[in-house]
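# Coordinate inspection notes
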Amino acid sequence: MAYQPIENYGIIGNMRTVALVGIDGSIDWYCYPHFDSPSLFGAVLDDARGGRFSIRPACDDFRRKQFYWPGTNILVTRFLSADGIAEIEDFIPVGLPKDSPWYHHLFRRLRCVRGEMGFTLECRPAFNYGRSTHVVEKFREGATFKSKELSMGLSTNLPLRSDEYGGVKSEFSLSEGQSQVFIFKELEEYGTCDLAPSEDEAQELFQNTVQYWRKWLSSCSYRGRWREQVYRSALALKLLTFEPTGAIVAAATSSIPEVIGGSRNWDYRYTWTRDAAFTIYAFLRIGFTEEATGFMTWLHVNAARASDPNLPAPVLLSILGEKPIRETILNHWEGYRGSKPVRIGNGAVDQFQNDIYGELMDALYLSNKYVSPISYDIWCKIRSRTNWVCENWLKPDEGIWEMRNLPRHFVYSKVMNWVALDRAIRLAEKRSFPADVAHWLKVRDEIYEEVMARGWNEEVGSFTQAYDYSQLDASLLIMPLVFFLAPNDPRMLRTISAIRKGPSKGGLFSDGLVYRYPTGEGLDGLPGKEGTFNMCSFWLVEALTRAGATNPDLLDEARLLFERMLGYANHLGLYSEQTGSQGEALGNFPQAFTHLALISAAFNLDRTLGGRP
């Protein structure tokens, strides 16, 4: 089987892990039991050796459609041919009692809804990223796959035969009204397959999962113009949430390339401290206070536990609040469409990224304002970290984009240091907490003056990526969003104008999409170029929206760009990290940051438009 375009995938999950399901009916990515666990199905990163769980029509002449059951994360893949129509319903059951026998199982139900169709089933796991061997046994109730680390079972009443790759196959037909249920689950030691659920049990699982997702989504308070897109983004973010701790992974996958055939391939199955403020803001804006509270709890417990107040805070942590594994290369996998290397772990864990304190303090400020007042003990940690920022803001760092060459004085990082001090000052004054506010004010103003003096390049007519550099950076669009500058400040408007020029004219703008910086100039220490960065495209929409409050033309432009950006989502409303030159999805998928930025842009654009048609 050939590699599918990344935009051909949907995701299902249970707030512990997710699976990528292609529009061809193949599950090509599934890590178990957690997001950052080794993969069982990894064909998206090696078509031949990665492993997959595929159900597809036996004929060649058929059409495919894919959609989510309305208001849920249940994925339906439909096959249409001259002889019949069939559907696969894919989900991982949620909302079940802890003693339910169907908990943490991958559920697939194939139904023939018209005529008759033949199918081919292939289930071929590849344990531990394909590094571990396993033994296959077949039973009347299905098959077992047992490796040294883990044993899994496929429950089905279909006759199975072994293939030469450590998997099982079956060819079968269904007539109108008939169905087959498949359960893929972990087995206890020496365990064998259980019977697949009956049709009544399968329908009950389906209905319970539908009710869970619809009940959760009913808490959404957004009633604006782009409700369907905001709902899908919220549902995607919920799938990327690790429910036991409240952490949210940056994306569901690892090593999906930012350029086909290139080496910009990273593992995003971890939680970045930087995501804090964006996550809290997006969830609060659309009514999901519980999710915002859960993420703040994760920050309080884990970020504080992993952080020495005399050292830089951790850039990223695992969903369990631990330091991720060291970055490792899987040399035995070829990578998506030959894009090597395939990485697990993330080397950014050892970087110094000085911007993260701004996002962290902003999250704490929002939490105190909209969720619950912070305690004195937490304030003591905030005060200690704020004093640390005062002493360390002058240091160069690797920045928001995690540059893998020399550190520099990134303007975004300086702005976020200003945000850290500004929010700490506001908290101290709002809550009358004890603090050396006079010193914080002095340092905050020093940062502001330095950014305005050294971050601004009059020759370019814009703020630039770093001091003494002339290149632009789309992260600077955050300035009015964090209230560093007024959205209609002349310098901000000139920066927006500079960014909106085409790359050939020194800008970052291409057909309504935004590059994060000029990658072809060796700025990041990596070879090759990359696609436009979806989050930055939404940041431009929001910057124009805020400037449009006093300039109707800019508001109209913001709406046009937002609508154009919605057209780059895949057929399910999901976004990867980047968009390529032909509109293809690039980078890890789906990316939380992009969906957070979409929610924020949709909320503020709709509010600014008000009653306008």
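Note: the structure precedes this text.
Quick summary incoming for the structure in this document.

## Structural notes on the overall build of the protein
Per the secondary structure count, the protein includes 13 helices and 28 strands. Relative to the globule expectation of 25 Å for 613 residues, the C-alpha radius of gyration of the protein, 25 Å, shows essentially globular dimensions. Put simply, the protein has 613 residues, and 62% of those count as buried. Counting only contacts in the protein whose residues sit at least 6 apart along the sequence, the fraction spanning at least 24 positions is 67%. Accessible area of the protein: about 22900 Å², with a carbon and sulfur share of 49%. In the protein, 66 side chains carry a positive charge and 74 a negative one; their mean positions are 3 Å apart.

## Notes on the side chain of R264
Here R264 shows up in the loop between β17 (247–248) and β18 (271–272). By relative accessible area, R264 is classed as buried at 1%. Looking at R264, its side chain comes within polar contact range of the main-chain oxygen of L526, at 3.3 Å. Among the polar contacts listed, one links the side chain of R264 to the backbone oxygen of P527, at a separation of 3.3 Å. Once residues within four sequence positions are removed from consideration, R264 is found in contact with I256, P257, E258, V259, Y517, T519, D524, L526, P527, G528, K529 and E530.

## Topic: the sheet that holds strand β27 (residues 578–579)
With respect to topology, three strands assemble into an open sheet ordered β26-β27-β28, the strand pairing being antiparallel. With one partner strand each, in any of the chains shown, β26 (532–533) and β28 (585–586) form the two edges of the open sheet. Two elements, β26 and β27, share two bridges in a ladder whose sense is antiparallel. What sits directly across from F533, in β27, is Q578.

## Quick look at helix α10 (residues 490–499)
Among the residues of α10, those classed as buried are M492, T495, I496, A498 and I499. Around the axis of α10, the buried residues are gathered within 160° of arc, so they sit on the same side. Tucked into the core, α10 has its buried residues touching β22 (456–457), β23 (462–463), β24 (509–510), β25 (513–514) and α11 (534–547). The residue sitting at the N-terminus of α10 and contributing the capping side-chain oxygen is D489; that oxygen lies 2.8 Å from the backbone nitrogen of R491.

## Remarks on the packing of aromatic side chains
According to the stated counting rule, one finds 36 aromatic pairs in the structure shown. Between F119 and F172 the ring centres are 5.7 Å apart and the planes differ by 25°, which places this aromatic pair in the stacked class. Remark: F172 occurs in strand β14 (residues 168–175) and F119 occurs in strand β9 (residues 106–124); sequence separation between them is 53 residues. Summarising the burial analysis for this pair, F119 and F172 share the class buried. A connected cluster of aromatic rings, assembled from ring pairs, spans Y30, Y32, F41, F53, F145 and F184.

## Digging into α11
The end-to-end C-alpha separation of α11 is 20 Å, in line with the 20 Å expected for 14 residues at 1.5 Å each. Of all the 14 residues making up α11, 14 are buried; the element is thus mostly covered by neighbouring parts of the structure.

## Description of the nonpolar core
Nonpolar side chains tend to gather and get buried jointly when the protein is soluble and globular. Residues Y30, F53, L106, F184, M479 and F562 are the most contacted members of the largest nonpolar core, which totals 190 residues. Looking at this core element by element, the count peaks at 12 residues for helix α8 (residues 411–431). With residues up to four places along the chain from it excluded, the contact list for F53 reads G25, S26, I27, F41, L106, R108, L121, E122, C123, L154, F182 and F184.

## Quick word on the pairing of strand β5 (residues 52–57)
With five of six residues buried, β5 is to be regarded as a mostly interior element. Note: strand β3 (residues 26–31) against β5, two bridges, orientation antiparallel. Bridging across to β5, S26 finds its partner in S54. Examined bridge by bridge, β5 and β9 share six bridges and lie antiparallel to one another. Paired with P57 across the two strands is F119, which belongs to β9.

## What about the packing of helix α7 (residues 376–392) against α8?
Two quantities define a packed helix pair, namely the angle between the axes and the distance from one axis to the other. At their nearest, the axes of α7 and α8 sit 10 Å apart, and the two run at 140° to each other. In this structure, α7 crosses over α8, and the sense of that crossing is left-handed. Across the interface between the two elements, W379, I382, T386, V389 and C390 of α7 pack against N417, L421, A424, L427 and A428 of α8.

## Details of unusual backbone geometry
Geometrically, the link from Y32 to P33 is a cis peptide bond, its omega value of 5° lying close to zero. Within the secondary structure layout, P33 lies in the loop between β3 and β4 (39–41). Here the residue pair K340 and P341 is connected by a cis peptide bond, since its omega of 0° sits within 30 degrees of zero. The phi torsion at E402 lies on the positive side, around 55°, for a residue other than glycine. Note that E402 resides in the loop between α7 and α8. Taking the relative accessible area as the measure of exposure, E402 reaches 16% and is therefore buried. In this structure, D468 is a non-glycine residue whose phi angle is positive, near 70°. Relative to the assigned elements, D468 resides in the loop between β23 and α10. Judged by its relative accessible area of 70%, D468 is exposed.

## So, the pairing of strand β1 (residues 9–13)
In terms of burial, β1 is largely enclosed, as five of its five residues are buried. The two faces of β1 match: Y9, I11 and G13 on one face and G10 and I12 on the other face are all buried. Bridge analysis of β1 against strand β2 (residues 18–22) gives five bridges, and the strand direction is antiparallel. Across the sheet, Y9 pairs through a bridge with G22, a residue of β2. Following β1, the chain reverses through four residues before pairing antiparallel with β2; M15 in that reversal takes a positive phi of roughly 65°.

## Focus: the side chain of E87
The topology assignment puts E87 in strand β8 (residues 84–91). Polar side-chain contacts of E87 include one of 2.5 Å to the side chain of R78. Those residues in contact with E87 that sit more than four places away from it in its chain are V76, T77, R78, R109, L110, R111 and V113.

## Describing the pattern of salt bridges
Enumeration over the complete set of coordinates arrives at 38 salt bridges. Two residues, R269 and D267, come together in a salt bridge whose shortest N-O distance is 2.9 Å. As far as the burial class goes, R269 and D267 line up, both buried. One salt bridge in this structure joins E327 and R404, with 3.0 Å as the shortest N-O distance. With E327 in the loop between β19 (316–317) and β20 (328–329) and R404 in the loop between α7 and α8, this residue pair connects regions lying 77 residues apart in the sequence.

Rules used throughout
Residues numbered from 1 in each chain as written. Predicted model: local features only at pLDDT ≥ 70, side-chain atom pairs only at ≥ 80, totals over all residues. Heavy atoms only, no water. Helix = DSSP H or I, 4+ residues; strand = E, 2+ residues; numbered from the N terminus. Rg over C-alpha atoms; globule rule 2.2 N^0.38 Å. Buried < 20%, exposed > 50% of the residue type's maximum accessible area, 1.4 Å probe, protein only. Contact = heavy atoms within 4.5 Å. Areas by Shrake-Rupley, 256 points an atom, 1.4 Å probe, with all protein chains shown as cover. Lys, Arg positive; Asp, Glu negative; His and termini not counted. Charge placed at Lys NZ, Arg CZ, Asp CG, Glu CD. Polar contact = N/O pair within 3.5 Å; in protein donor to acceptor, adjacent residues only side chain to side chain. Pairing = 2+ DSSP bridges. Arc of directions from axis to C-beta. Phe/Tyr/Trp six-rings, centres within 6.5 Å; stacked < 30°, edge-to-face > 60°. Expected span 1.5 Å × (residues − 1). Core = buried A, V, L, I, M, F, W, Y, C linked by side-chain atoms within 4.5 Å. Axes fitted to C-alpha atoms, helices over the stretch in contact; angles between N-to-C directions. Left-handed = near helix turned anticlockwise from the far one by under 90°. Salt bridge = Lys/Arg side-chain N within 4 Å of Asp/Glu carboxyl O.

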